[in-house]
Amino acid sequence: MSETAQEKWGMVIDLDRCNGCQACVTACSLENNVGFVGEESAAYGRGMHWIRIQRYWEGEYPNITARFRPVMCQQCGHAPCEPVCPVFATYHSEAEQINVQVYNRCIGTRYCANNCPYVARTFNWFDWEWPEPLNEQLNPDVTVRRRGIMEKCTFCIQRIRKGEEDAEAEGREVADGEIQPACAQACPADAIVFGNLADPESRVSRLARSARAEKLLEELGTETKVIYLKGGSSRDR
Amino acid sequence: MPLKTRLRLPALVLIALFVVVVAAAAVLGSKSAQAQAEQPIAFNHSVHVEELGVPCLYCHSNAQRGQSAGLPTLEKCQGCHSQIDPGDSQALQDLARYAEENKPIQWVPVALQPDFVYFSHRPHVNAGLNCESCHGDVGQMTVAEPQGDMNMGWCLSCHKKLAPERFVKLSDCATCHK
């Protein structure tokens, strides 16, 4: 762990825009080859989502409103999951300043998930079969994980890698908004914005400076890279 | 001989046998991943590269642009070979038959990485690496042969030498593991 958390990739989620449609959840599962466990396994607590929509009720009946908060791995600068991994399968990427999971190294102790205050990690209980022609839907840039390992949101590291490679091949810097995780791309309300926090002029940096900005469990000192925007009730607007 | 010892001996032999079989399977398994492939046509690299001077990128042109270097299509072969008499060469007659039936040639890739590894040719070619640095002197081969193990230590042996100023990025797990 570094003394001060450096910043690079970050995400801003505007909760006043989110209407809980779950498009991000679907897009994430498809982009990252996340399996669908079905109702029964989900009831056993074996559900697999790298991003989930938390629902809250606001107000008293009959003046009641549903509020939503998409929660995924917060990509902590000081991540509680990292120091507990006995095999260094989860580690802090110095180059990208995000928390990375190396699937082929993970042995499935689940220490990391137990130490994650955001419950952002999912354990894969199943060996997945994708009978023809469903295997065609798999993303070749993401490993199809096997049973018994931990997985989680990576900020779509495969898209970051591709964006950086494209920029380097063309001899330029990565443009703001050029790299988008699947959830941000799919959000119909444009509630999720992704970009470089180290660049003060990027869209994500400007939004992160908003007075509405808040972080989840900031008092833990985890230095999260996901910033939520939340202002008053939706009725105020 | 007491009962216990009598039972222990065959058990020990069985365990030893098991260990040997597992070890052999592991060694053979890792070798077969990079085994010499049986190609649909016995394509001769040495004739094309060494004698005729065809550059690698003429047939594997995607190496500059994308992840996979690509294998030549039938049309690419026929670009030259439609003008060449097959004579009594088996390989050329095979190619002529593919052209007649207009059937794609199912070349077998020789240098493969496992599913959990991301590799792209583009940054390597753009960094000025020669194809020979990784694939060996293909100009001296007939059918392309796999080179060594192409494992992580082998990748890193170059990454730390060639670009020490970029080692943070080039040694990051996420750069190659997807």
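This text goes with the structure placed above it.
Residues numbered from 1 in each chain as written. Chains lettered and ligands numbered in written order. Predicted model: local features only at pLDDT ≥ 70, side-chain atom pairs only at ≥ 80, totals over all residues. Heavy atoms only, no water.

Chemist: Mind showing me how you'd approach the overall build of chain A here?
Modeler: Looking only at helices and strands, chain A has 6 helices and 10 strands in total. Scaling as 2.2 N^0.38, a compact globule of 237 residues should have a C-alpha radius of gyration of about 18 Å, and chain A matches this with 18 Å. In terms of overall dimensions, chain A has C-alpha extents of about 50 × 50 × 35 Å along its principal axes. Split into buried and exposed, the 237 residues of chain A put 48% on the buried side. Taking contacts inside chain A between residues at least 6 apart in sequence as the whole, the part at least 24 apart equals 65%. When the accessible surface of chain A is split by element, carbon and sulfur atoms take 49% of a total near 12100 Å². A gap of 4 Å separates the mean positions of the 27 positive and 34 negative side-chain charges of chain A. (Helix = DSSP H or I, 4+ residues; strand = E, 2+ residues; numbered from the N terminus. Rg over C-alpha atoms; globule rule 2.2 N^0.38 Å. Buried < 20%, exposed > 50% of the residue type's maximum accessible area, 1.4 Å probe, protein only. Contact = heavy atoms within 4.5 Å. Areas by Shrake-Rupley, 256 points an atom, 1.4 Å probe, with all protein chains shown as cover. Lys, Arg positive; Asp, Glu negative; His and termini not counted. Charge placed at Lys NZ, Arg CZ, Asp CG, Glu CD.)

Chemist: Would you mind showing me how to read the sheet that holds strand S9 (residues 213–214) of chain A here?
Modeler: By way of backbone hydrogen bonds, the strands of a sheet pair with one another, either parallel or antiparallel. All names here are of chain A. Spatial ordering of the open sheet is given by S8-S1-S10-S9, a layout of 4 strands whose pairing is mixed. Looking at the sheet topology across the chains shown, the edges are occupied by strand S8 (192–196) and S9. Alignment of strand S1 (residues 9–14) against strand S10 (residues 226–229), held across 4 bridges, turns out to be parallel. The residue bridging Asp14 from the neighbouring strand is Leu229, located in S10. (Pairing = 2+ DSSP bridges.)

Chemist: What am I meant to see in unusual backbone geometry here?
Modeler: All names here are of chain A. Cis peptide bonds are those with omega within 30 degrees of zero, and the linkage from Tyr61 to Pro62 qualifies with 5°. Structurally, Pro62 is set in the loop between strand S2 (51–58) and strand S3 (65–72). Of note, the phi angle at Glu223 is positive, near 55°, even though the residue is not glycine.

Chemist: Just checking my understanding: could you explain the interface of chain A and chain B for this structure?
Modeler: Quoted interface sizes are often the accessible area lost when the parts come together. Across the contact, 20 residues belong to chain A and 17 residues belong to chain B. Interface area for chain A against chain B, summed over the two sides, is near 1700 Å², with a carbon-plus-sulfur share of 47%. Among the residues of chain A in contact with chain B, Asn104, Arg161 and Glu165 of chain A are the three that bury the most area, contributing 32% of the side total. Between chain A and chain B we count 5 salt bridges in total. The interface formed by chain A and chain B holds 18 residue pairs in polar contact (both at pLDDT 80 or more) in total. Ranked by the residues each element gives to the side of chain A that touches chain B, the list is headed by helix H4 (residues 157–169) of chain A, at 7 residues. In terms of residue class, the side of chain A that touches chain B is built from 9 nonpolar, 3 polar and 8 charged. (Buried area = accessible area lost by both parts, 1.4 Å probe. Salt bridge = Lys/Arg side-chain N within 4 Å of Asp/Glu carboxyl O. Polar contact = N/O pair within 3.5 Å; in protein donor to acceptor, adjacent residues only side chain to side chain. Nonpolar A, V, L, I, M, F, W, Y, C, P; charged D, E, K, R; others polar.)

Chemist: It is not clear to me how the pairing of S2 of chain A should be interpreted in this structure. Could you clarify?
Modeler: Put simply, side chains in a regular strand alternate between the two faces of the sheet. All names here are of chain A. Pairing geometry for S2 and S3, over 8 bridges, is antiparallel. Of the residues in S3, the one forming a bridge with Ile51 is Met72. Between S2 and S3, which pair antiparallel and follow one another directly, the connecting turn spans 6 residues, one of which, Gly59, has a positive phi of 90°.

Chemist: Sorry, what's going on with a nonpolar patch on the surface here?
Modeler: Judged by side-chain polarity, Leu12, Ile15, Phe18 and Val19 of chain B come together as a nonpolar surface patch covering roughly 430 Å² of accessible area. Structurally, Val19 of chain B can be placed in helix H1 (residues 3–32). (Patch = residues over 30% accessible without salt bridge, like charges linked within 9 Å, V, L, I, M, F, W, Y side chains within 5 Å.)

Chemist: What is the right way to look at the side chain of Asp166 of chain A in this model?
Modeler: Tracing the backbone shows Asp166 of chain A in helix H4. Take Asp166 of chain A: its relative accessible area is 16%, and that puts it in the buried class. Beyond its immediate stretch of four places on either side in the chain, Asp166 of chain A contacts Arg172 of chain A together with Arg122 of chain B.

Chemist: Before we go on, may I ask you to explain a negative patch on the surface in this structure?
Modeler: All names here are of chain A. On the surface, a cluster of negative charge is made up of Glu7, Glu218, Glu219 and Glu223. Following the sequence through the fold, Glu218 ends up in the loop between S9 and S10. Residue Glu218 is classed as exposed on the basis of its relative accessible area, which comes to 52%.

Chemist: Looking at this structure, I do not really get the packing of helix H4 (residues 74–81) of chain B against helix H5 (residues 90–101) of chain B. What am I missing?
Modeler: A pair of packed helices can be characterised by two numbers: the angle between their axes and the separation between those axes. All names here are of chain B. It is the contact of H4 with H5, at a shortest axis distance of 11 Å, that shows an interaxial angle of 120°. As for the relative orientation of H4 and H5, their crossing is left-handed in sense. Contacts between H4 and H5 involve Leu74, Cys77, Gln78 and His81 from the first element and Leu92, Leu95, Tyr98 and Ala99 from the second. Looking at side-chain class alone, the contact of H4 with H5 contains 6 nonpolar, 2 polar and no charged residues. (Axes fitted to C-alpha atoms, helices over the stretch in contact; angles between N-to-C directions. Left-handed = near helix turned anticlockwise from the far one by under 90°.)

Chemist: Where do I start with the pattern of salt bridges in this structure?
Modeler: Two side chains with opposite charge may pair up if their charged atoms get near one another. All names here are of chain A. This structure, assessed with the given rule, holds 22 salt bridges over all chains. Here Lys8 makes a salt bridge to Glu164, at a shortest N to O gap of 3.2 Å. Taken together, the residues span a long stretch of sequence, with Lys8 in the segment before S1 and Glu164 in helix H4 at a distance of 156 residues. A relative accessible area of 13% means that Glu164 is categorised as buried. Members of the salt-bridge network, linked through shared partners, are Asp14, Asp16, Arg17, Glu58, Arg67 and Arg212.

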